[in-house]
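Remarks on the overall topology
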Amino acid sequence: MSKLPVISGRKCVQALERAGFYLKWQRGSHLILRRDDPFAQVVVPDHKVLDRGTLRAIIRQASLSVDEFMNLSK
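Attention in this report is confined to the structure presented alongside it. All figures in this text were calculated on a predicted structure; none of them were measured in a lab. (Residues numbered from 1 in each chain as written. Predicted model: local features only at pLDDT ≥ 70, side-chain atom pairs only at ≥ 80, totals over all residues. Heavy atoms only, no water.)

1. Remarks on the sheet that holds strand E2 (residues 30–35)
One open sheet holds the three strands; their spatial order is E1-E2-E3, and the pairing between them is antiparallel. The open sheet terminates on both sides in strands that have one partner only, identified here as strand E1 (22–27) and strand E3 (40–45). When the angles between neighbouring strand axes are averaged without regard to direction, this sheet yields 25°. Pairing of E2 with E3 involves six bridges; the strand directions are antiparallel. (Pairing = 2+ DSSP bridges. Helix = DSSP H or I, 4+ residues; strand = E, 2+ residues; numbered from the N terminus. Axes fitted to C-alpha atoms, helices over the stretch in contact; angles between N-to-C directions.)

Next comes the structure, spelled out in structure tokens:
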């Protein structure tokens, strides 16, 4: 398993958009992204740096591996 990158919420959103997610709505500083097929919905806080546990939970909810996410975030 690869080490998690240190990224911002916006960079995380960009990587998830490459995986087929789109911005559904925003509530305050939280961005809600959705993918229709297969269905998945994740909430990404728009912070300068995401905590490791938060990022790991987002990756897990998106049904991605850490390596897949790192390839998408480049």
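2. A short note on the environment of Val66
Here Val66 is to be found in helix H3 (residues 66–72). Val66 sits ten residues away from Arg56 along the chain, and the two C-alpha atoms are 7.9 Å apart.

3. Details of helix H2 (residues 52–61)
Every α-helical turn comprises 3.6 residues, leaving residues that sit three or four positions apart pointing alike. Among all positions of H2, only Leu55, Ile58 and Ile59 are buried. Mapping the buried residues of H2 onto a view down its axis gives an arc of 95°, with all of them on the same face. Along H2, the residues that are exposed and aim more than 90 degrees away from the buried face are Gly53 and Arg60. Ser63 occupies a position one or two residues after H2 and carries a positive phi of about 60°. (Buried < 20%, exposed > 50% of the residue type's maximum accessible area, 1.4 Å probe, protein only. Arc of directions from axis to C-beta.)

By themselves, these are just geometric observations and shouldn't be taken as functional.
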